[in-house]
Amino acid sequence: MFKSMLAILTLMLGFSLSTAWGWEPDPNDKMQLEVQAAIVDFKTKDPGFEDWFKGAAGYAVFPKVGKGAIGIGGAYGKGLVIAGDKVVGNTSMSQISIGLSLGGQGYAEFIFFKDQTALDEFKRGNFELGAQASAVVAKAGASADAAYNKGVAIFTNISGGVMADASVGGQKFEYTAVP
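In this text, all values refer to a predicted model and were calculated from it rather than measured experimentally. Starting from 1, residues in each chain are numbered consecutively following that chain's sequence as written. The predicted origin of the model limits local features to residues at a pLDDT of at least 70 and limits the giving and counting of side-chain atom pairs to 80 or more, whereas totals for whole chains, interfaces and linings rest on all residues. Values shown for side chains rest on all heavy atoms present in the structure; no hydrogens or waters enter the calculation.

Let's shift gears to unusual backbone geometry. With a phi close to 55°, Lys150 is a non-glycine residue in the positive phi region. Segments assigned H or I by DSSP are reported as helices when at least four residues long, segments assigned E as strands when at least two residues long, and all are numbered from the N terminus. In this fold, Lys150 is placed in the loop between helix H5 (142-145) and strand S5 (152-177).

Structurally, Glu109 can be placed in strand S2 (residues 86-113). Within the structure, Glu109 has its side chain in polar contact with the side chain of Gln171 (distance 3.1 Å). The residues touching Glu109, leaving out its near neighbours within four places in the chain, are Ala60, Val61, Phe62, Val65, Met93, Ile154, Phe155, Thr156, Gln171 and Phe173. In protein, a polar contact means a hydrogen-donor-capable atom and an acceptor-capable atom, both N or O and within 3.5 Å, with residues adjacent in sequence counting only if both atoms are side-chain atoms; elsewhere, any N or O pair within 3.5 Å suffices. Whether two residues are in contact is decided by their heavy atoms, any of which lying within 4.5 Å being enough.

Centres within 6.5 Å make a pair out of two Phe, Tyr or Trp rings, where for Trp the six-membered ring is used; the pair is then stacked when the planes are under 30 degrees apart, edge-to-face when over 60, and tilted otherwise. Applying the stated rule across the entire model yields 20 aromatic pairs. When the ring of Phe53 is compared with that of Phe110, the centres are 6.4 Å apart and the planes differ by 85°; the resulting orientation is edge-to-face. With Phe53 in helix H3 (residues 49-55) and Phe110 in strand S2, this pair connects stretches of sequence that are 57 residues apart. Each member of the aromatic cluster is reached from another via a ring pair, and the members are Phe42, Phe49, Trp52, Phe53, Tyr59, Phe110, Phe112, Tyr148 and Phe155. A cation over a ring is seen here: Lys43 above Phe53, with NZ or CZ 4.7 Å from the ring centre. A positively charged side chain is recorded as over a ring if its NZ (Lys) or CZ (Arg) lies within 6 Å of the ring centre. The angle to the ring normal must also be within 35 degrees.

What follows covers the side chain of Gln171. Looking at the secondary structure, you find Gln171 in strand S5. There is a polar contact of 3.2 Å between the side chain of Gln171 and the side chain of Gln95. Ignoring sequence-local partners within four residues, the contact set of Gln171 consists of Met93, Ser94, Gln95, Tyr107, Glu109, Phe127, Glu128 and Leu129.

What follows concerns helix H4 (residues 116-123). For H4, the set of buried residues is Ala118, Leu119 and Phe122. Each buried residue of H4 sits inside an arc of 100° when the element is viewed along its axis, so together they form one side. Downstream of H4 by a residue or two, Gly125 has a phi angle that is positive, lying close to 90°. Relative accessibility decides the category of a residue: with a 1.4 Å probe and only protein chains considered, values under 20% of the type maximum give buried, values over 50% give exposed, and everything between is partly exposed. Directions drawn from the helix axis to the C-beta atoms are what define this arc.

Salt bridges are defined by distance alone: a side-chain nitrogen of Lys or Arg within 4 Å of a carboxyl oxygen of Asp or Glu. Applying the stated rule across the entire model yields four salt bridges. With its nearest N and O atoms 3.9 Å apart, the salt bridge here joins Glu34 to Lys30. Taken together, the residues span about one helical turn, with Glu34 and Lys30 both in helix H2 (residues 30-45) at a distance of four residues. Look at Glu34 and you get buried, because its relative accessible area is 19%.

Before going further, it helps to spend a moment on the pairing of S2. If DSSP finds at least two bridges between two strands, the strands pair. Both strand S1 (residues 58-83) and S2 contribute to a ladder of 23 bridges, which runs antiparallel. The partner of Gly66 across the bridge, within S2, is Gly106. Turn length for the S1-S2 hairpin, with the two strands adjacent in sequence and antiparallel, is two residues, and the turn residue Gly84 shows positive phi of about 65°.

Mapped onto the elements of the fold, Met31 is located in helix H2. Taking relative accessible area as the criterion, Met31 reaches 22% and is therefore assigned partly exposed. Placed 49 residues apart in sequence, Met31 and Leu80 show a C-alpha to C-alpha distance of 7.8 Å. Apart from residues no more than four positions distant in its own chain, Met31 is found in contact with Pro63, Lys78, Gly79 and Leu80.

On average, residues of the protein chain score 82 in pLDDT, and 77% of them reach the 70 mark or higher. Segment residues 1-21: pLDDT under 50, and ten contacts once partners within four positions in sequence are set aside and those in other chains are kept. The quantity called pLDDT is the predictor's confidence in a given residue, expressed from 0 to 100.

Glancing now at H2. Helix length check: H2 (16 residues) gives 23 Å between terminal C-alpha atoms against 22 Å at 1.5 Å per residue, within 8%. For H2, the complete set of buried residues consists of Gln32, Glu34, Val35, Ala38, Ile39, Phe42 and Lys43. An end-on view of H2 places all buried positions within 165° of arc, on one side of the element. For H2, the exposed residues lying more than 90 degrees away from the buried face are Lys30 and Thr44. Capping of H2 at its N-terminal end is provided by Asp29; its side-chain oxygen lies 3.0 Å from the backbone amide nitrogen of Met31. How far a helix is expected to stretch is found by multiplying one less than its residue total by 1.5 Å.

Pasting the structure below:
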């Protein structure tokens, strides 16, 4: 009985994951598996995030961003850019901040591109988000309150750590297309 229920649950989960987004992660690609896990965790916080994945022209996912500071801070992470049903590029994010900051934190970051114009702007490389850009922290109901700003919406899903942060900084992104 237990084995039958487990088999049915596994099939249902596999089907729901394969239809949850338009791409199938390569099981031999560590980054794609990390991105998949980050997406599943993100959607667990608020199932309404599914609409963001479906409605966007594309999105960038940074599954593991590390951030630390003692006055001057920094953050770095690598990720993938996905459009439609395929990975279209690799990306990296770096951040420098100055101000009253202390601690360390790990999080996943998601950037949604409203239309092809916004996605193309990111793919040109040297994309930056200034200090005025703000991210919405993933939690129940957050997807309903969020909106695009200049064709981009940013979400973070905190995975651990403690950070006191009253600083100003910006994020810079690099993009490399995959063949």
